[in-house]
Amino acid sequence: MILEERPDGPGAGEDSNRLQDDSSIRKDCDSMLPEQPCQLQNQRARLHQQITKELRMRTGAENLYRATSNTWVRETVALELSFVNSNLQLLKEELAELSSSMDMDQPEGESVTIPMIPLGLKETKELDWATPLKELISEHFEEDGTSYETEIQELEDLRQATRTPSRDEVGLDLLAAYYSQLCFLDARFFSPARSPRLLFHWYDSLTGVPAQQQALAFEKGSVLFNIGALHTQIGARQDCSCTEGTIHATEAFQRAAGAFRLLRENFSHAPSLDMSTASLSMLEQLMVAQAQECIFKGLLLPASDTPDNCPAQLQLAQEAAQVAAEYRLVHRAMAQPPVQDYLPSSWTNLAHVKSEHFCALAHYHAAMALCEGSSADKGEVSRHIFQPSTTCEPQGPTASSIQKMPQHPEERRKLAKAHLKRAILGQEEALRLHTLCRVLRKVDLLQVVVTQALRCSLAKYSELEREDDFFEAVEAPNIQPKTHQAPEVKMPSLSQMKGPLSVFSTKNRWRLVGPVHMTRGEGGFGFTLRGDSPVLIAAVVPGGQAESAGLKEGDYIVSVNGRPCKWWKHVEVVAQLRGVGEGGVSLQVVSMLPSPEPRSTGPRRAALLWSQKECGFETAMPARARPWPILGWGRKTKQSKTGCHPDSCTNSNCVTCP
């Protein structure tokens, strides 16, 4: 299957301030390229190479098994296939363990918090942009492809730098800049009829299996996946022992969820499992759950200083129940086929551990709310947090979910003990699940967090226990999940160019006309203009100056008095024409060709390939000057033309020039 980008995909917004200036891209790329890849990436690359080798051996053995009829050869090949499949399984397990390793993504600082799940970046091979782009520029645009070697080299350096981005905002800016360049390339150089002959290689982040496609959408989707993965790594590294750390972690996981949602909604037919719809839906749920967990940690920090604050304990109980409910949904998504077949089992186990852990915390804080505070506060507890359902699933409060609060202190003590008992049982179940997973057993921090919570519950239970408690008749109800700060899925800041790319691209062919000199007649110039960037000649007055000069309806104005204007707004072109004196104006236009016809052999300029920088030069562009970079389009220059302050146009869509 070929990865496809839906027509209304990402990159349709205005230019992002995140994009870098073209003059600084190469410098930034050089500064971001590490001398050596990190140890984790080296290990992943080694595993990818070994998996590729084993897959090739298995393909060859399967072909030989199908081609031969010799019994001895088939038995030998079958035995070899069993060894290859065993090696593949071991390599995939090693990659899954590496992806689940928490050592590389421990939170900063010395806080004791339960670890998060970061994603590894998708690995890729080196790509030669120069050869196919130069060929396309020479063949379709009829320009000298070698004149753009510097810009193409900047693009290759940018892609190389995105293979090992730093885990901070600088790395995110790098990936966003490359994604935006891909949007520009897609608009100008890729079309169903003609595209550069490129083959994009990417490795699955979860299984390590290589995939390759000629579709640029595969490259864009993989970069977008890495943007989300990098957000998860940034979120997992935050120190959640302080309020600032929880805020940054929440923001990172929300943006990761947005990246995976954007990828799921706008790309289809992914050739790798990590970018399938089921995987992306699960990853989005996981990021939302981790953001909800960070919100709970942020609320826990001030509440830990006032453990006798009943409303605060009430809120913590509901927030913990909400986190448990989110992780229960994540665990269900992870345990469903086909996700369970290739997802690291440690992820599934960790989601299960967290659902039990936070459900136990909800009961612990409910018990604390019962033990502390006034009777009025305890009555408030009864009206909001208890429900008789059998799970911690999110649901709204109903009349049937309200449990009557015992008013006698002894009865409240017994109810608090019942909640603590459920908290103890939940933490013990979390520890049991922790010990069942070989990978999680190596994560000492996880065991420390759950053990501390268990000790707190046991200590509080011992305080409430009495010698005459022979019967435990009270059964603690479940805690109703509720959050006062629901995570917001935030889309990443990505953009695509707006302007003449829809006209001047490989999707179309055109003929350059002019320059054409015109003077103002009694009825003006005799044409009607419409649209922006580029401005279109919508109509030509019969017998007017425009018709006499050979201009036609549907032509695009690309130059006014030798100044490129493909990026000019409608009002700017009109203002230039209104300011023309008796000497007239020199226009250059392009006429679109309905079919691939030979182009005019008349005088040519590189104006059709100029980038966004051409919008508003300080001085006129010399006719023989080197063309501006076709790839350096990072930020639209918003300079006004010297001495020109265009008048406002009464009709921004259509005007007949005087």
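The rules behind the values
- Here the residue numbers are simple positions, counted from 1 along each chain's written sequence.
- Since the coordinates come from a predicted model, pLDDT governs what is reported: local features require at least 70, and pairs of side-chain atoms require 80 or more to be given and counted, while whole-chain, interface and lining totals use all residues.
- Working from all heavy atoms in the structure, the side-chain values ignore hydrogens and water.
- Any two rings among Phe, Tyr and Trp, with Trp reduced to its six-membered ring, count as a pair given centres within 6.5 Å; such a pair is stacked if its planes are under 30 degrees apart, edge-to-face if over 60, and tilted if neither.
- In this text, helices come from DSSP runs of H or I with a minimum length of four residues, and strands from runs of E with a minimum of two, each type numbered from the N-terminal end.
- Burial classes follow relative accessibility: with a 1.4 Å probe on protein chains only, a residue under 20% of its type's maximum area counts as buried, one over 50% as exposed, and anything between as partly exposed.
- Here, expected helix span is obtained from the residue count minus one, scaled by 1.5 Å.
- Contact between two residues is taken to exist if any of their heavy atoms lie within 4.5 Å; hydrogens are not considered.
- Only when DSSP finds a minimum of two bridges between them are two strands counted as paired.
- Residues belong to one nonpolar core when they are buried, are Ala, Val, Leu, Ile, Met, Phe, Trp, Tyr or Cys, and are joined through side-chain atoms within 4.5 Å.
- The salt bridge criterion pairs a side-chain nitrogen of Lys or Arg with a carboxyl oxygen of Asp or Glu, the two atoms within 4 Å.
- By the counting rule applied here, Lys and Arg register as positive and Asp and Glu as negative, while His and the ends of each chain are not counted.
- One number per residue, pLDDT, summarises how confident the predictor is, and it ranges from 0 to 100.
- Whenever a helix is involved, its axis is fitted only over the stretch in contact; in every case the axis is a line through C-alpha atoms, and angles between N-to-C directions fall within 0 to 180 degrees.
- Any angle that falls under 35 degrees is termed roughly parallel, while one over 145 is termed roughly antiparallel, one within 65 to 115 roughly perpendicular, and all others oblique.
- Helix crossings fall into two classes, left-handed where the near helix is turned counterclockwise from the far one by less than a right angle and right-handed where it is turned clockwise.
- Under the convention adopted here, Pro, Cys and the residues Ala, Val, Leu, Ile, Met, Phe, Trp and Tyr are nonpolar, Asp, Glu, Lys and Arg are charged, and Gly plus all remaining residues are polar.

**Observations concerning the packing of aromatic side chains**
As enumerated under the stated definition, the model contains 4 aromatic pairs in all. On the numbers, 6.0 Å between centres and 55 degrees between planes, the contact of W129 with F200 is tilted. With W129 in the loop between α3 (71–99) and α4 (130–139) and F200 in strand β2 (residues 200–203), the pair connects residues that are 71 residues apart, well separated along the chain. Residue classification places W129 among the buried residues on the basis of a relative accessible area of 0%.

**A look at helix α15 (residues 444–464)**
For α15, built from 21 residues, the straight-helix expectation of 30 Å at 1.5 Å per residue is met to within 8% by its first-to-last C-alpha distance of 31 Å. Within the sequence span of α15, burial applies to L445, L446, V449, V450, T451, A453, L454, S457, K460, Y461 and L464. Buried positions along α15 lie against α12 (345–371) and α14 (409–436).

**Considerations on the pairing of β2**
Of the pairings in the sheet, the one linking β2 to strand β3 (residues 210–213) comprises 4 bridges and is antiparallel in character. By the bridge assignment, F200 is partnered in β3 with Q213.

**Some points on the nonpolar core**
Counting 117 residues, the largest nonpolar core has W129, F189, L224 and F225 as its most contacted members. The biggest single contributor to this core is α12, with 14 residues. Setting aside residues no more than four positions away along its own chain, F225 makes contact with L119, G120, K122, S205, F260, L263, D274, M275, L280 and L283.

**Quick look at the pairing of strand β9 (residues 535–540)**
Examined bridge by bridge, strand β8 (residues 527–530) and β9 share 4 bridges and lie antiparallel to one another. Pairing of R530 across the sheet is with L536, part of β9. Turn length for the β8-β9 hairpin, with the two strands adjacent in sequence and antiparallel, is 4 residues, and the turn residue G531 shows positive phi of about 85 degrees. By the bridge criterion, 2 bridges tie β9 to strand β10 (residues 556–560) in an arrangement that is antiparallel. Within β10, the residue paired with L536 across the bridge is Y556.

**Section: the pattern of salt bridges**
Here the structure, examined in full by the defined rule, presents 13 salt bridges. E284 serves as the salt-bridge partner of R261, at 2.7 Å between the closest nitrogen and oxygen. Highlighted residues: R261 in helix α8 (residues 243–266) and E284 in helix α9 (residues 277–303), separated in sequence by 23 residues. Its relative accessible area of 7% is what places E284 among the buried residues. Taking the shortest distance from any N to any O, the salt bridge between K297 and E293 comes out at 3.3 Å. Here K297 pairs with E293, and both are found in helix α9, just 4 residues apart, close to one helical turn. There is no split in this pair, since K297 and E293 are both buried. Three or more residues are tied together by salt bridges with common partners; here these are E251, R255 and K490.

**So, the side chain of E156**
Residue position: E156 is located in helix α5 (residues 149–162). For the buried E156, no salt bridge is present, and the opposite-charge side chain at shortest range is K134, 8.1 Å distant.

**Describing unusual backbone geometry**
The omega torsion of the bond from P337 to P338 falls at 5 degrees, within 30 degrees of zero and hence cis. Among the secondary structure elements, P338 is positioned in the loop between α10 (310–335) and α11 (339–342). Located in the positive-phi region is H269, a residue other than glycine, with phi close to 55 degrees. In this structure, H269 sits in the loop between β4 (267–268) and α9. With a relative accessible area of 37%, H269 lands in the partly exposed category.

**Some details on the confidence of the model for the protein chain**
Residues of the protein chain with pLDDT of at least 70 account for 71%, and the chain-wide mean is 75. Of the regions scoring below 50 in pLDDT, residues 394–403 engages in 21 contacts with residues more than four places distant in sequence or in other chains. Within the model, the stretch residues 596–656 combines pLDDT values under 50 with 154 contacts to residues more than four positions away or in other chains.

**Re helix α17 (residues 570–578)**
Among the 9 residues in α17, 7 count as buried, and that is most of the element. Regarding α17, the residues found buried are H570, E572, V573, V574, A575, Q576 and L577.

**Overview of the environment of E553**
Relative to the assigned elements, E553 resides in the loop between α16 (545–548) and β10. Classification of E553 by relative accessible area gives exposed; the value is 60%. Measuring from C-alpha to C-alpha, the distance between E553 and I537 comes to 5.5 Å, with 16 residues separating the pair along the chain. The residues contacting E553, other than those within four sequence positions of it, are I537, A538, A539 and V540.

**A closer look at the packing of α8 against α9**
Closest axis-to-axis distance for the α8/α9 pair is 8 Å, and the angle between their directions is 165 degrees. As far as their axial angle goes, α9 and α8 are roughly antiparallel. By crossing handedness, the relation of α8 to α9 is classed as left-handed. Among the residues forming the contact of α8 with α9, the class breakdown is 14 nonpolar, 8 polar and 4 charged.

**Regarding the packing of α12 against α14**
One can describe the packing of α12 onto α14 by two numbers: an axis separation of 8 Å at closest approach and a directional angle of 160 degrees. Between α12 and α14, the crossing angle belongs to the class labelled roughly antiparallel. In the packing of α12 onto α14, the handedness of the crossing is left-handed. Facing H352, V353, E356, H357, A360, L361, H363, Y364, A366, A367, L370 and C371 of α12, the residues of α14 in contact are L415, A416, H419, L420, R422, A423, G426, Q427, E429, A430, L433 and H434. When grouped by side-chain class, the residues that make up the contact of α12 with α14 number 14 nonpolar, 7 polar and 3 charged.

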